[in-house]
Amino acid sequence: MTLRRRLADTELTAVGLGAMPLSLAGAPEPATAIDVIHRFIDAGGDFIDSANVYSSTAAPGDNERLIARALSQHPQGRRVHVATKGGVQWTGRGWRANGRPQALRQACEQSLRDLDVERIFLYQLHAPDPDVDISESVGVLRDLQAAGRIAHIGLSNIDDAQLARAAEVTSIASVQNGLHPRRKQSLADGVVTRCREHGIAFIAHSPVGGYHDHARLADDKELRQLAQRYVTSVANLAIAWLLQLDEHMFVIAGARRVASVLASQRAMELALDADVMRSINRLVDW
Ligand SMILES: NC(=O)c1ccc[n+]([C@@H]2O[C@H](COP(=O)([O-])OP(=O)(O)OC[C@H]3O[C@@H](n4cnc5c(N)ncnc54)[C@H](OP(=O)(O)O)[C@@H]3O)[C@@H](O)[C@H]2O)c1
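Residues numbered from 1 in each chain as written. Predicted model: local features only at pLDDT ≥ 70, side-chain atom pairs only at ≥ 80, totals over all residues. Heavy atoms only, no water.

For the chain, the name recorded in an unreviewed UniProt entry is Aryl-alcohol dehydrogenase-like predicted oxidoreductase, with Methylohalomonas lacus as its organism.

Next up, the structure:
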């Protein structure tokens, strides 16, 4: 069963593919990475999340070029919607936000080339830049949309106050924040609620614990006990919980392995009881 949900004017599979692990440290060989994307499409998936900074080198764009290649080689590649992000740069030591207008415009033009598209389906501000008013960064995205370079505007790693300010500038299609059973800040601070009230899709990143902490979540004693009731994994319990939180919720599950892709697609079949939902809602954050 594939659960489909609406992001702006488009229906997409509720469980998308988070492509980040295919291009960071520990990434598989390109042929395996392309196979992961192809098997996701074969399983019915049509929504992939990327970012210009998901790259194994200092230069951005590895992940976007990988996705473009994979889609061009699959007979159904054209039905897949790709979301990407700009507004963060590699400094040599780590990632740092850069939401200045010129940097955002250049990043978007480069992503158009790397994804090999005329227009980007969903372009997300990767993170607010503390040195730039969010209205200014979002204003650039509004102009890119008006120029036809991007179809929809998304925001990532934002709090409720930032979302409220951005929504005054233009129509926001989606918010992408970290959310899983031990990371519920976006529930607590009202972002998820504001998205619901304004018809904004919420895209949960790091849904099964994230790049660094998925093994820790999989080992969580309380979650393991709950997962046992459904003869499922903690990862799939987490995805099912997210999907059941609300109808505007999307999940982008990362994968280096085909097995992870297929497992995440099966999570759409899992229906959790109200008391299990409550138990997970009550778990304290890490
Ligand atoms: N906006 C942001 O700042 C931000 C930050 C972080 C992530 N993201 C986005 O969110 C996506 C997801 O986050 P993530 O990749 O960090 O972490 P994640 O989705 O929590 O996944 C982490 C790892 O868990 C394993 N896994 C995933 N689904 C599974 C399942 N159903 N059953 C068993 N194992 C499963 C995969 O391992 P294997 O690799 O072994 O297959 C995967 O690499 C990223 O790919 C990226 O697109 C965005």
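(A) Seen up close, the overall build of the chain. Tallying secondary structure elements over the chain gives 12 helices and 12 strands in all. The C-alpha atoms of the chain give 18 Å as radius of gyration, which agrees with the globular expectation for 286 residues (19 Å, within 12%). For the chain, the spread of C-alpha atoms along the three principal axes comes to 50 × 40 × 40 Å. Taken across its 286 residues, the chain has 55% of its residues classed as buried. Taking all contacts inside the chain whose residues are at least 6 apart in sequence as the whole, residues at least 24 apart take part in 74%. Carbon and sulfur atoms form 47% of the exposed surface of the chain, whose accessible area is close to 12,700 Å². (Helix = DSSP H or I, 4+ residues; strand = E, 2+ residues; numbered from the N terminus. Rg over C-alpha atoms; globule rule 2.2 N^0.38 Å. Buried < 20%, exposed > 50% of the residue type's maximum accessible area, 1.4 Å probe, protein only. Contact = heavy atoms within 4.5 Å. Areas by Shrake-Rupley, 256 points an atom, 1.4 Å probe, with all protein chains shown as cover.)

(B) Expanded view of the UniProt feature "domain: NADP-dependent oxidoreductase" (unreviewed entry) in the chain. According to UniProt, the positions carrying the feature "domain: NADP-dependent oxidoreductase" (unreviewed entry) are residues 15–283. Within the segment residues 15–283, helix and strand shares are 45% and 18% respectively, and the terminal C-alpha atoms sit 23 Å apart. (UniProt positions renumbered as here; feature names shortened; annotations may be inferred.)

(C) Summary view of the sheet that holds strand S10 (residues 174–178). Pairing within the closed barrel is parallel, and its 8 strands lie in the order S3-S4-S5-S8-S9-S10-S11-S12. Averaged over all adjacent pairs, the angle separating strand axes in this sheet is 30°, with direction ignored. Examined bridge by bridge, strand S5 (residues 81–86) and strand S8 (residues 120–125) share 4 bridges and lie parallel to one another. Across the sheet, residue Ala83 finds its bridge partner in S8, namely Leu122. Sheet contacts for helix H1 (residues 30–42): strand S3 (15–18) and strand S4 (47–49); angle to S3, the most-contacted strand, approximately 175°. (Pairing = 2+ DSSP bridges. Axes fitted to C-alpha atoms, helices over the stretch in contact; angles between N-to-C directions.)

(D) Seen up close, the pattern of salt bridges. Within this structure, the stated rule accounts for 14 salt bridges. Note that Arg165 is salt-bridged to Asp133, the shortest N-O span being 2.6 Å. With Arg165 in helix H5 (residues 160–169) and Asp133 in the loop between S8 and helix H4 (134–146), this residue pair connects regions lying 32 residues apart in the sequence. Note that Arg142 and Asp143 form a salt bridge whose closest N and O atoms lie 3.5 Å from each other. (Salt bridge = Lys/Arg side-chain N within 4 Å of Asp/Glu carboxyl O.)

(E) Molecular detail of the packing of aromatic side chains. Per the counting criterion, the structure on display carries 2 aromatic pairs. Look at Phe47 and Phe250: their rings are 5.9 Å apart centre to centre, the planes differ by 75°, and that puts the pair in the edge-to-face class. Here Phe250 lies in strand S12 (residues 249–254) and Phe47 lies in strand S4, a separation of 203 residues in the sequence. Judged by relative accessible area, Phe47 falls into the buried class, the value being 0%. Phe250 sits in the buried class, given a relative accessible area of 0%. With a centroid separation of 6.2 Å and 35° between ring planes, the pair formed by Tyr54 and Trp95 is classed as tilted. Of this pair, Tyr54 sits in the loop between S4 and helix H2 (62–72) while Trp95 sits in strand S7 (residues 95–97), and the two are 41 residues apart along the sequence. Tyr54 gets classed as buried once you look at its relative accessible area, which sits at 5%. (Phe/Tyr/Trp six-rings, centres within 6.5 Å; stacked < 30°, edge-to-face > 60°.)

(F) Quick peek at the site of the ligand. Close contacts around the ligand come from 31 residues, with Asp49, Ser156, Asn157, Gly254 and Ser260 the closest. Tyr211 is positioned with one of its backbone polar atoms (N or O) 2.9 Å from an oxygen atom of the ligand. Relative to its unbound accessible surface of 890 Å², the ligand loses 90% to contact with the protein. Put simply, the parts of the chain that give the shell around the ligand at least two residues each are helix H8 (210–218), helix H10 (234–245), S12 and helix H11 (258–266). Classifying every residue of the shell around the ligand gives 13 nonpolar, 14 polar and 4 charged. (Near = heavy atom within 4 Å. Polar contact = N/O pair within 3.5 Å; in protein donor to acceptor, adjacent residues only side chain to side chain. Nonpolar A, V, L, I, M, F, W, Y, C, P; charged D, E, K, R; others polar.)

(G) Representation of the side chain of Ser186 within the structure. Mapped onto the elements, Ser186 comes out in helix H6 (residues 185–188). Of the polar contacts made by the side chain of Ser186, one reaches the side chain of Asn177; its length is 3.0 Å. Once residues lying within four places of it in the same chain are set aside, the contact partners of Ser186 are Asn177, Gly178, Val191, Val192 and Phe202.

(H) Here's a closer look at unusual backbone geometry. Within the chain, Ser206 stands out as a residue other than glycine whose phi angle is a positive 50°. Considering the arrangement of structural elements, one finds Ser206 in the loop between strand S11 (201–205) and H8.

(I) Examining the environment of Ala271 more closely. Position of Ala271 relative to the elements: it lies in the loop between H11 and helix H12 (274–282). Between the C-alpha atoms of Ala271 and Tyr230, which are 41 residues apart in sequence, the distance is 9.1 Å.

(J) The arrangement of the nonpolar core in detail. Residues Ile37, Ile48, Leu163, Phe202, Leu237, Leu272 and Ile280 are the most contacted members of the largest nonpolar core, which totals 73 residues. Element by element, the count of residues in this core is highest for H10, at 8 residues. Filtering out sequence-adjacent residues up to four positions away, Ile280 remains in contact with Pro181, Lys184, Leu223, Leu226, Leu237, Trp241 and Leu272. One finds Ala83, Ala173, Ala201 and Ile203 within the second-largest nonpolar core, a separate group that totals 11 residues. (Core = buried A, V, L, I, M, F, W, Y, C linked by side-chain atoms within 4.5 Å.)

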